[in-house]
2 protein chains.
Amino acid sequence: MAAEEAAVRAQADTVRRLKQDKADPDEIAKEVTKLLEMKAQLGADAGKHKFVLKTPKGTRDFGPKEMAIREKAFRAIVSCFKRHGAEVIDTPVFELKETLTGKYGEDSKLIYDLKDQGGELLSLRYDLTVPFARYLAMNKITNIKRYHIAKVYRRDNPAMTRGRYREFYQCDFDIAGQFDPMIPDAECLKIVHEILSDLQLGDFVIKVNDRRILDGMFAVCGVPDSKFRTICSSVDKLDKMPWEEVRSEMVGEKGLSPEAADRIGEYVQLHGGLDLIERLLQDPKLSQNKLAKEGLGDMKLLFEYLTLFGITGKISFDLSLARGLDYYTGVIFEAVLLQQDNEHGEEPVGVGSVAGGGRYDGLVGMFDPKGRKVPCVGVSIGIERIFSILEQRLEASEEKVRTTETQVLVASAQKKLLEERLKLISELWDAGIKAEMLYKKNPKLLNQLQYCEDTGIPLVAIVGEQELKDGVVKLRIVATREEVNVRRESLVEEIRIRTSQC
Amino acid sequence: MAAEEAAVRAQADTVRRLKQDKADPDEIAKEVTKLLEMKAQLGADAGKHKFVLKTPKGTRDFGPKEMAIREKAFRAIVSCFKRHGAEVIDTPVFELKETLTGKYGEDSKLIYDLKDQGGELLSLRYDLTVPFARYLAMNKITNIKRYHIAKVYRRDNPAMTRGRYREFYQCDFDIAGQFDPMIPDAECLKIVHEILSDLQLGDFVIKVNDRRILDGMFAVCGVPDSKFRTICSSVDKLDKMPWEEVRSEMVGEKGLSPEAADRIGEYVQLHGGLDLIERLLQDPKLSQNKLAKEGLGDMKLLFEYLTLFGITGKISFDLSLARGLDYYTGVIFEAVLLQQDNEHGEEPVGVGSVAGGGRYDGLVGMFDPKGRKVPCVGVSIGIERIFSILEQRLEASEEKVRTTETQVLVASAQKKLLEERLKLISELWDAGIKAEMLYKKNPKLLNQLQYCEDTGIPLVAIVGEQELKDGVVKLRIVATREEVNVRRESLVEEIRIRTSQC
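Chain A is annotated in an unreviewed UniProt entry as histidine--tRNA ligase of Ficedula albicollis. Here chain A is described in UniProt, under the heading Sequence similarities (unreviewed entry), as follows: "Belongs to the class-II aminoacyl-tRNA synthetase family." For chain A, the Catalytic activity (unreviewed entry) comment in UniProt is given as "tRNA(His) + L-histidine + ATP = L-histidyl-tRNA(His) + AMP + diphosphate + H(+)".

Novice: Tell me about the interface of chain A and chain B, and name the residues and values.
Specialist: Interface size is commonly expressed as the accessible area that is lost once the parts come together. At the junction of the two partners, chain A supplies 111 residues and chain B supplies 110 residues. Buried area between chain A and chain B, both sides added, is near 9500 Å², and the carbon and sulfur share of it is 58%. Counting the surface chain A buries against chain B, the share from its top three residues, L53, W429 and Y439 of chain A, is 9%. Summed over the shared surface of chain A and chain B, the number is 19 salt bridges. Put simply, E405 of chain A and K82 of chain B hold a salt bridge, and the shortest N to O gap is 3.0 Å. One can count 46 residue pairs in polar contact (both at pLDDT 80 or more) joining chain A with chain B. Taken together, the residues of the side of chain A that touches chain B break down into 47 nonpolar, 20 polar and 44 charged.

Novice: For the domain arrangement of chain A, give the residues involved together with the corresponding values.
Specialist: One can read the domain layout of chain A as domain 1 (1–43), domain 2 (64–396) and domain 3 (408–500). Taking only C-alpha atoms, the centre of domain 1 of chain A and the centre of domain 2 of chain A are 60 Å apart.

Novice: Which residues make up the nonpolar core, and what values go with them?
Specialist: Counting 266 residues, the largest nonpolar core has I264 of chain A together with I264 of chain B as its most contacted members. If we ignore the near neighbours within four places in the chain, the residues touching I264 of chain B are M217, F218, C221, V223, I231, V235, W243, M250 and L256 of chain B. Judged by nonpolar contacts, the second largest core, of 16 residues, contains L96 of chain A together with V93, L96 and Y153 of chain B.

Novice: I'd like a rundown of the sheet that holds strand β15 (residues 472–477) of chain A, residues and numbers included.
Specialist: All names here are of chain A. With mixed pairing, the 5 strands of this open sheet are ordered in space as β13-β12-β14-β15-β16. If you trace the sheet from one side to the other, it starts and ends with β13 (435–436) and β16 (483–487), each paired once. As paired elements, strand β12 (residues 408–412) and strand β14 (residues 459–463) share 5 bridges and run parallel to each other. When the bridges of β14 are listed, L409 appears paired with V460. The sheet contacts of helix α15 (residues 418–430) involve β12, β13, β14 and β15, and relative to β12 the element is tilted by about 165°.

Novice: I'd like a rundown of the packing of aromatic side chains, residues and numbers included.
Specialist: All told, the structure shown has 28 aromatic pairs over all chains when counted by the stated rule. Between the aromatic rings of F81 of chain A and F173 of chain A, the centroid separation amounts to 5.5 Å while the plane-to-plane angle is 35°, which identifies the pairing as tilted. Note that F81 of chain A is positioned in helix α3 (residues 64–83) and F173 of chain A in strand β5 (residues 167–176), a separation of 92 residues in sequence. The same class applies to F81 of chain A as to F173 of chain A, namely buried. Between Y104 of chain B and Y327 of chain B, the aromatic rings sit 6.3 Å apart at their centres with planes inclined by 70°, giving edge-to-face as the arrangement. Of this pair, Y104 of chain B sits in the loop between α4 (97–100) and β3 (122–124) while Y327 of chain B sits in the loop between β8 (315–318) and β9 (331–338), and the two are 223 residues apart along the sequence. You'll find Y104 of chain B and Y327 of chain B in the same group, each marked buried. Among the aromatic residues, ring-to-ring pairing joins Y104, Y126, Y327, Y328 and Y360 of chain A into one connected group. Across from the ring centre of Y126 of chain A, 4.0 Å away, lies the NZ or CZ of R154 of chain A, which sits over that ring. Above the face of the F62 of chain B ring, R70 of chain B is positioned so that its terminal group lies 4.6 Å from the ring centre.

Novice: I'd like to hear about the relation of the copies chain A and chain B, residue by residue, with values.
Specialist: Structural alignment of chain A on chain B gives an RMSD of 0.1 Å, achieved by rotating through 180° and translating 0.0 Å along the axis. Here the copies are linked by what is in effect a two-fold axis. When the interface residues of chain A are mapped onto chain B, 99% of them are again interface residues, pointing to one common binding face.

Novice: An account of unusual backbone geometry is needed here, citing residue identities and associated values.
Specialist: In this structure, K416 of chain A takes a positive phi of about 60° despite not being glycine. Relative to the helices and strands, K416 of chain A is located in the loop between β12 and α15. Positioned with a positive phi, M182 of chain B is a non-glycine residue whose angle comes to about 75°.

Novice: So what about the pairing of strand β8 (residues 315–318) of chain A? Which residues, and what values?
Specialist: Residues and elements named next belong to chain A. Residue alternation in β8 divides its side chains into two sets, I315 and F317 and S316 and D318, and both sets are buried. When strand β7 (residues 271–272) meets β8, the two strands line up antiparallel, connected through 2 bridges. Paired with H271 across the bridge in β8 is D318.

Novice: Which residues make up the pattern of salt bridges, and what values go with them?
Specialist: Enumeration according to the criterion identifies 83 salt bridges over all chains in this entry. Here E120 of chain A makes a salt bridge to K54 of chain B, at a shortest N to O gap of 2.5 Å. Of this pair, E120 of chain A sits in the loop between α4 (97–100) and β3 (122–124) while K54 of chain B sits in the loop between α2 (25–45) and α3 (64–83), placing the two residues on different chains. The partly exposed category is assigned to E120 of chain A, whose relative accessible area is 30%. The closest approach of N and O atoms between K145 of chain A and E436 of chain B, which form a salt bridge, is 3.0 Å. Placement of K145 of chain A in strand β4 (residues 144–153) and of E436 of chain B in strand β13 (residues 435–436) is noted, with the two residues assigned to different chains. Pair check on accessibility: K145 of chain A and E436 of chain B agree, each one buried.

Novice: Hey, could you go over α15 of chain A for me, with residue numbers and the actual values?
Specialist: Residue and element names in this part refer to chain A. Compared with an ideal rise of 1.5 Å per residue, which puts 13 residues at 18 Å, α15 spans 18 Å between its outermost C-alpha atoms and is within 8% of the ideal. Among all positions in α15, only L418, R421, L422, L424, I425, S426, L428 and W429 are buried. Looking at the residues trailing α15, positive phi occurs at G432, about 85°.

Novice: Give a description of helix α11 (residues 274–282) of chain A that names residues and reports values.
Specialist: Residue and element names in this part refer to chain A. What α11 keeps buried is the set L276, I277 and L280. Buried residues of α11, viewed axially, fall in a sector of 100°; they line one side. Residues of α11 that are exposed and angled more than 90 degrees away from the buried face: D275, R279 and Q282. Lining the buried residues of α11 we find α10 (258–268), β7, α12 (290–309) and β8.

Each value, and the rule that gives it
- By convention here, each chain's residues receive numbers from 1 onward along its written sequence.
- For this description, chains carry letters from A and ligands carry numbers from 1, given in the order in which they are written.
- This being a predicted model, a pLDDT of at least 70 is required before a residue's local features are given, and a value of 80 or more before pairs of side-chain atoms are given or counted; all residues contribute to the totals for chains, interfaces and linings.
- Derived side-chain values reflect all non-hydrogen atoms in the structure, with water molecules and hydrogen atoms excluded from consideration.
- UniProt positions are given in the numbering used here, feature names are shortened, and annotations may be inferred rather than shown by experiment.
- Contact criterion: two residues are considered in contact whenever any of their non-hydrogen atoms come within 4.5 Å of each other.
- Buried area is a sum: the accessible area each of two parts loses on coming together, probed at 1.4 Å, counted once for each and added.
- Within this document, salt bridges are pairs made up of a side-chain nitrogen of Lys or Arg and a carboxyl oxygen of Asp or Glu, the two lying within 4 Å of each other.
- What qualifies as a polar contact is a pair of N or O atoms within 3.5 Å, subject to a donor-acceptor requirement within protein and to the restriction that residues adjacent in sequence count only when both atoms come from side chains.
- For this classification, Asp, Glu, Lys and Arg are treated as charged, while Ala, Val, Leu, Ile, Met, Phe, Trp, Tyr, Cys and Pro are nonpolar and the rest, including Gly, are polar.
- Domain extents, as shown, originate in an automatic or database domain assignment.
- Put simply, a nonpolar core is a bunch of buried Ala, Val, Leu, Ile, Met, Phe, Trp, Tyr and Cys residues held in one set by side-chain atoms that sit within 4.5 Å of each other.
- We call a residue buried when its accessible area falls under 20% of the maximum for its residue type, exposed when it is over 50%, and partly exposed in between, using a 1.4 Å probe and counting protein chains only.
- The pairing criterion is simple: DSSP has to find at least two bridges between the two strands.
- Note on conventions: DSSP H or I runs of at least 4 residues are helices, E runs of at least 2 residues are strands, and numbering of each starts at the N terminus.
- To obtain an axis, a line is fitted to C-alpha atoms, over the contacting stretch when the element is a helix, and the angle between two such axes runs from 0 to 180 degrees between their N-to-C directions.
- Think of it this way: a Phe, Tyr or Trp ring, Trp meaning its six-membered ring, pairs with another when their centres are within 6.5 Å, and the plane angle makes it stacked under 30 degrees, edge-to-face over 60, tilted otherwise.
- Only Lys NZ and Arg CZ are tested; either one counts as a charge over a ring when it is within 6 Å of the ring centre and within 35 degrees of the ring normal.
- We place the copies in one frame by least squares, fitting the C-alpha atoms of every residue whose pLDDT is at least 70 in both.
- Given the number of residues in a helix, its expected span is that number minus one, multiplied by 1.5 Å.
- The directions considered for the arc are those from the helix axis to the C-beta atoms.

Right, here's the structure in full:
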């Protein structure tokens, strides 16, 4: 509709212009007829529906201010990934639908499909892990450490204030290859620790568990194998629901025996450190289960490495951590920010997960024609919630963020100096100076100075009749209002020196 | 399929493991039964179709090497955009379908729609210009200079070797606002000139024209108003087809009179500079047409500004330039790389457009409920073709590109030093040093040194029994094989100094 309306308005303009210009009456008549036809047509279309001016549900634009915050966060994350020697890759935003099939368990219903317009059936990527596994299998890569920062898509119920969107960024770091146990896994946790500390988001805890411990726990609690995954995703809800609700879901919806549920209930309350691992290694039931024993052994090793990294203080071995996704096979973890302003003495409350990951040794094999496995472990930083925290913080503190890096405004004191401004700014651009000018023939000096105040431009290069005669440019320092005449040939150097921090 | 096959393999592994471990016979039996059921099921599914391991048609992955090139190109482009004082924004990858409706003329058929899964009807963005206009109208912004680098989507016939993809990047710079004529337009051309020069892609020419000149030309050639747009898109094909074919499309398919076509044929051969503009301002027919006169007047002004920028040498006023998109209202332009190795004396041949843009004063008004107009002019860099040129060039020159920035590898000379390596690398990471280690308990020194050779890591920090006793670390410079003992407390500083260029 908007398009047609605009077309009519454009046609009306044409008619008006022709009349003003006293154009040939026939031409005017012709255009008027056209206008009337278009209006009639528009009337016929009208009321069909009203055009809504918005972004799709669960998505948002990033304006210059939000981008400044976003790029600051990305810089911190990328520099950490590079510090750990990661390469970077990128994959298409959509994949063949069948590439995503059977990877996400109950979450598959949240995948965005593209319309079948002939050709291949496509879906928007749901995470960066499955495309990574597809990339490894496709290129027969058995050994890589890479990061990937890109948008992923989930048809979930958005809660934008809490940073939950349908289009959102993930910052993934993964280590693929056959290595000695727990060394790459420990590095992933170190990375989460470094990034969350670096971004200064307040206190946090990284919960750690292992799919093998969970499966062993389910087995000894008497959960039938067929129910492992679905019971696992019930346990996964423990961070959002109280145990009672989760229990009734297990027993009611998923038909688990009350006894089994209650045995699970005892385990999932447990969280701690090496002490707990040792205790469970002695647990009469768990210690008898092969998978649980493997998992607990590796968990012990992991904690030894984390001790060497000096980060066990923020790590909690937590039997209630399950992670929704199907493809995890070993260690899993999730980082949670802790409530800042909680009552003295209370145990801190989680305000939502900002990072998660784990080991998925079977995923690449799903794509390899011969089923060759490439063991992988990785972490994903959930950056959107971090954005909203940083944005709220910036709102609170009224500090002014610059959204450009302009070093100097090329201004003029008198009229008729547009050509001189164009010549000077062109010299500055060619010398690599970040320079702007107002797009007016004869701007008022006051407006030009005001523009610098508003946008935080530190310097003004003022051309005037006299300066041109003397072969100088008047350089004004906006903060101090100090003005100095600089010889034109040394202007670039002078600007560089005075804005060296940029 | 792959998923089910992998599941079967996983189940087979379980059975094998249980047997190895001499597990409880009943448990083994149960798992075997399960395995057989799964195999049966798989057999039933088999032959349905075979899973193909690929990216969707017209898309590609970027591996570490391609990313190195891509980021190099982006750095050059972004630094130019920032040099001209642009802010940055981002918008969602999809828009409401109706947001894109009626903006692209004949190209609309190339838009990717998302499947209707309930809720809003969505399409992937086709360019960054329409989302930008939607963003301005939605936020009532009447004045902004911004850049936006993101992927866009077109269901076109891909020609990947020539850099034409269905998913590809655009790097857009736009100036929105009511300003004095041709000043922002001139800056857009200056930007194209700076970027193409900076990327050293060889010789290029920037063709310039104006929609008003084209429409005026069509009018004086006797093209009926109703046919302006469709004839315009025929003219747009002149860079790919000879005039004869374009003419027969105009006359045959589009029902234009042969006389009108021939008159157009005369004009579209013309290209030149200020001289041509002057000549056309005297042209008995064109000079009588209001639109053409406006367009030619502005074109003259534009060339005056481009002369001050000193770039007219690469600018060609070309009456055959039309640009496909519907939304242009004034100046249009397109940058073309010229054939490097062409026969001496020949006129250089274009090898495809790498940038284009123009003025679109009506587009924002299409979105504004009250039709308020925001004049805009912008440029879009078609980066994919630039990537493929840079990639081919890199292939040719066998120079080795590093895909990581790692400064030092933490290595050990003897066995049983994993803990010491973990302690040291953790210290280095915390000090901001980019460090890696091999994920093995007891790696051979030779393999550790080889890893540095392969990946270009310049330094190796070697821990050994003796060094630990002496409180030093042996620092090896890979290039020279020189080795120095550095006191542990000054290791960070030493690494910084020796890798200061990083």
